[in-house]
Amino acid sequence: YAAIRLQNVVLCFPPRSREDRLTRRFAVRAGAIVSFVPLLFILPGLSHWYYVSLQRLDPADLPLVYVAALLLVGFPFTSGLRAHWEGVAALARRTSTILAGNIAFVAALAIAAPTCLALKVSGNAIGPVALVVANLAGLGALVLLQSLPESPGPVAAIDVEGERG
């Protein structure tokens, strides 16, 4: 959850110029730090206490949890980068870019999960793999569209006063 709040960080602390990479570096570092949180839950004492004692998971299923936790390492990192680029697009008032990034995310998720299922990927791995793939697809769409010149679109812009531009 913390990684996806990076869009707010970009909006609160906007880049001073196109060359300003302070918020991007922050997104990368924060995503990397948050990425290690799932690894805490595979530590032997903590995992046994949380999953076996508290959640009443059969100890024989702990390896499934370990695989899922390892695969989730990329999720906060990719979420943070995607949120950063959504914030950059929001600052540039490129709502169509944000929408396209979200469409790419949902489409990739809708394709990746059934593909994993068809490839007989273990059920505990489908969610983490599909989420990371979907974040990468959304991130790719955002970065690509931000690099293209903005087109005015079919509707004339309306300024704050309500006059057509």
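So, here's what we can say about the structure.

Rules used throughout
- Residues numbered from 1 in each chain as written.
- Predicted model: local features only at pLDDT ≥ 70, side-chain atom pairs only at ≥ 80, totals over all residues.
- Heavy atoms only, no water.
- Helix = DSSP H or I, 4+ residues; strand = E, 2+ residues; numbered from the N terminus.
- Areas by Shrake-Rupley, 256 points an atom, 1.4 Å probe, with all protein chains shown as cover.
- Salt bridge = Lys/Arg side-chain N within 4 Å of Asp/Glu carboxyl O.
- Patch = residues over 30% accessible without salt bridge, like charges linked within 9 Å, V, L, I, M, F, W, Y side chains within 5 Å.
- Buried < 20%, exposed > 50% of the residue type's maximum accessible area, 1.4 Å probe, protein only.
- Polar contact = N/O pair within 3.5 Å; in protein donor to acceptor, adjacent residues only side chain to side chain.
- Phe/Tyr/Trp six-rings, centres within 6.5 Å; stacked < 30°, edge-to-face > 60°.
- Lys NZ or Arg CZ within 6 Å of the ring centre and 35° of its normal.

### As for the overall build of the protein chain
- What the protein chain contains, in helices and strands, is eight helices and zero strands.
- The order of helices and strands in the protein chain, counted from the N terminus, is α-α-α-α-α-α-α-α.
- Of the roughly 10300 Å² of accessible surface on the protein chain, 69% is carried by carbon and sulfur atoms.

### A short note on the pattern of salt bridges
- Evaluation of the coordinates by the stated rule reveals one salt bridge.
- A salt bridge links Arg82 to Glu86, with the nearest nitrogen and oxygen atoms 3.1 Å apart. You can see Arg82 and its partner Glu86 sitting in helix H6 (residues 74-91), four residues apart, about one turn around the helix.

### A word on a nonpolar patch on the surface
- A surface patch of nonpolar side chains, amounting to about 540 Å² of accessible area, comprises Val37, Leu40, Leu43, Leu46, Trp49 and Leu54.
- Where the nonpolar patch is concerned, the elements lending two or more residues are helix H3 (37-40) and helix H4 (44-54).
- Looking at which element gives the most residues to the nonpolar patch, the answer is H4, with three residues.
- Considering the arrangement of structural elements, one finds Leu40 in helix H3.
- The class for Leu40 is partly exposed, based on a relative accessible area of 44%.

### Topic: the environment of Asn102
- Counting through the fold element by element, Asn102 comes out in helix H7 (residues 95-118).
- What makes Asn102 partly exposed here is its relative accessible area of 30%.
- When the C-alpha positions of Asn102 and Ala141 are compared, they lie 8.7 Å apart, and in sequence the two are 39 residues distant.
- Side-chain polar atoms of Asn102 contact the side chain of Arg82, separated by 3.4 Å.

### Quick word on the packing of aromatic side chains
- This structure, assessed with the given rule, holds four aromatic pairs.
- Between Phe41 and Tyr51 the ring centres are 6.4 Å apart and the planes differ by 65°, which places this aromatic pair in the edge-to-face class. Separated by ten residues along the polypeptide, Phe41 in the loop between H3 and H4 and Tyr51 in helix H4 bring together distant segments of the chain.
- Using a relative accessible area of 30% as the deciding quantity, one classes Phe41 as partly exposed.
- Given a relative accessible area of 18%, Tyr51 falls into the buried group.
- Each member of the aromatic cluster is reached from another via a ring pair, and the members are Phe41, Trp49, Tyr50 and Tyr51.
- A cation sits over an aromatic face here: Arg82 above Phe105, 4.2 Å from the ring centre.

Shape is all these values report; function is a separate question.
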